[in-house]
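Residue strings, one per chain:
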Amino acid sequence: MDPIESFLIQIEDILEESKAVPFSGKVAVDKDAVYDIIDEIRLHMPDALKEAQKVNDNRDKYIKDAEKRSQNIIESARQEEEEILKDAEAKATRMVNDHEIYRRASEEAAVLLEEAKQDARNVRLNAMDYADEILAKTEQAVRVTADNVVRHMSTTNNYFEQVLDTLYSNRQELRGDE
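Fair warning: this is a prediction, and the values are worked out from it, not measured in the lab. Residue numbers here run from 1 along each chain, matching the order of that chain's written sequence. For a predicted model such as this one, the threshold for reporting local features is a pLDDT of at least 70, and the threshold for listing and counting side-chain atom pairs is 80 or more; totals across whole chains, interfaces and linings nevertheless cover every residue. For the side-chain quantities, the full set of heavy atoms in the structure was used; hydrogens and water were omitted.

Each helix corresponds to a stretch of at least 4 residues labelled H or I by DSSP, and each strand to a stretch of at least 2 residues labelled E; elements are numbered beginning at the N terminus. Per the secondary structure count, the chain includes three helices and two strands. Starting at the N terminus and ending at the C terminus, the chain contains elements arranged as α-β-β-α-α. Its C-alpha radius of gyration of 34 Å places the chain more than 25% over the 16 Å reference for a compact globule of 178 residues. Considering only C-alpha atoms, the chain reaches an extent of 115 × 25 × 25 Å along its principal axes. The buried share among the 178 residues of the chain stands at 21%. Within the chain, contacts between residues separated by at least 24 positions form 70% of all contacts whose residues are at least 6 apart in sequence. Within these notes, the globule rule equals 2.2 Å times the number of residues to the 0.38 power, and the radius of gyration is based on C-alpha atoms. Each residue's exposure class comes from its accessible area (1.4 Å probe, protein chains only) as a fraction of the maximum for that residue type: buried when under 20%, exposed when over 50%, partly exposed otherwise. Here, residues are in contact when the closest pair of their heavy atoms is within 4.5 Å.

Axis lines are fitted through C-alpha atoms, for helices just across the contact stretch, and the angle between N-to-C directions can take any value from 0 to 180 degrees. Their axes nearest at 12 Å, the elements helix H1 (residues 3-17) and helix H3 (residues 102-175) cross at an angle of 25°. With respect to H3, the axis of H1 lies roughly parallel. For the element pair H1 and H3, the recorded crossing hand is left-handed. Along the contact surface, H1 presents Ile-4, Leu-8, Ile-11 and Glu-12, while H3 presents Thr-156, Tyr-159, Phe-160 and Val-163. Classes in brief: Ala, Val, Leu, Ile, Met, Phe, Trp, Tyr, Cys and Pro nonpolar; Asp, Glu, Lys and Arg charged; the others, Gly included, polar. Residue classes in the contact of H1 with H3 are distributed as six nonpolar, one polar and one charged. Any angle from 65 to 115 degrees is called roughly perpendicular, while one under 35 is roughly parallel, one over 145 is roughly antiparallel, and all others are oblique. For any pair of crossing helices, the crossing counts as left-handed if the nearer helix is rotated counterclockwise from the farther one by less than a right angle, and right-handed if it is rotated clockwise.

On to unusual backbone geometry. Of note, the phi angle at Phe-23 is positive, near 60°, even though the residue is not glycine. For Phe-23, the location among the structural elements is in the loop between strand S1 (19-20) and strand S2 (27-28). Residue class for Phe-23 comes out exposed when judged on its relative accessible area of 89%.

The next point concerns a negative patch on the surface. Patch rule: a residue counts if its relative accessible area is over 30% and it has no salt bridge; like charges are joined within 9 Å, and nonpolar side chains (Val, Leu, Ile, Met, Phe, Trp, Tyr) within 5 Å. Accessible areas in this description were obtained via Shrake-Rupley with a 1.4 Å probe; residue shielding takes into account the shown protein chains only. Here, a salt bridge means any Lys or Arg side-chain nitrogen found within 4 Å of an Asp or Glu carboxyl oxygen. Positive charges come from Lys and Arg, negative ones from Asp and Glu, while His and the chain ends are left out of the count. Charge coordinates come from a single atom per side chain, which is NZ of Lys, CZ of Arg, CG of Asp or CD of Glu. Taken together, Asp-2, Glu-5, Glu-12, Asp-13, Glu-16, Glu-17 and Glu-51 make up a surface patch of like negative charges. Residue contributions to the negative patch peak at five residues, all from H1. Of the residues examined, Glu-5 reaches a relative accessible area of 40% and is grouped as partly exposed.

Let us now look at the nonpolar core. The biggest cluster of nonpolar side chains holds 13 residues, and the ones touching the most others in it are Ile-11, Ile-37 and Ile-41. Contributions of two or more residues to this core are made by H1, helix H2 (31-97) and H3. The element best represented in this core is H1, accounting for five residues. Residues within four places of Ile-11 in sequence aside, it is in contact with Ile-37, Ile-41, Tyr-159, Phe-160 and Val-163. Nonpolar cores are built from buried Ala, Val, Leu, Ile, Met, Phe, Trp, Tyr and Cys residues. Side-chain atoms within 4.5 Å join them into one set.

On to H1, then. By this rule the span expected of a helix is its residue count minus one, scaled by 1.5 Å. A rise of 1.5 Å per residue sets the reference length of H1, with its 15 residues, at 21 Å; its end C-alpha atoms lie 21 Å apart and thus fit the reference within 8%. Ile-4, Phe-7, Leu-8, Ile-11 and Ile-14 are the residues of H1 that are buried. On an axial view of H1, the arc spanned by its buried residues comes to 115°, and they lie on one face. Away from its buried face, by an angle of more than 90 degrees, H1 presents the exposed residues Glu-16 and Glu-17. Here the arc refers to the set of directions running from the helix axis out to each C-beta atom.

Here it is, written out as structure tokens:
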């Protein structure tokens, strides 16, 4: 169990075990016990904040890794495009040099070159789509993690504000300052 959750349960127990103030819906609490628990929570809070920072740091690492992989994929696609174009050009040159089939070679070379260009474009577009998909998944995972951290911190903060308001109200009532 999370240490902070344990401390919150202890505060709830103190509130439940506290004596009721007659003719009101309020209770008298042992403020020293509550302050001790609050001090413990403060001691444990930096760990939760460090954990949130680790999540944030990992987000940057995931994004950098995804960007690096996408760059590698794009570079690989460019190299493959160059190889396809070189192969097509070499084949076209061989065909042009052959005088008996010059016309056919020219037509086939043009077709092969266009196919090679189209294949290269397709490889590049597919690589970019893949890289975008990886980045989108990474972004979504980071967003979900960040939202969870913010939600838990907000819930904890709201709970402490309520507890402190109740404690302050109880103190005011004990003093007769209503």
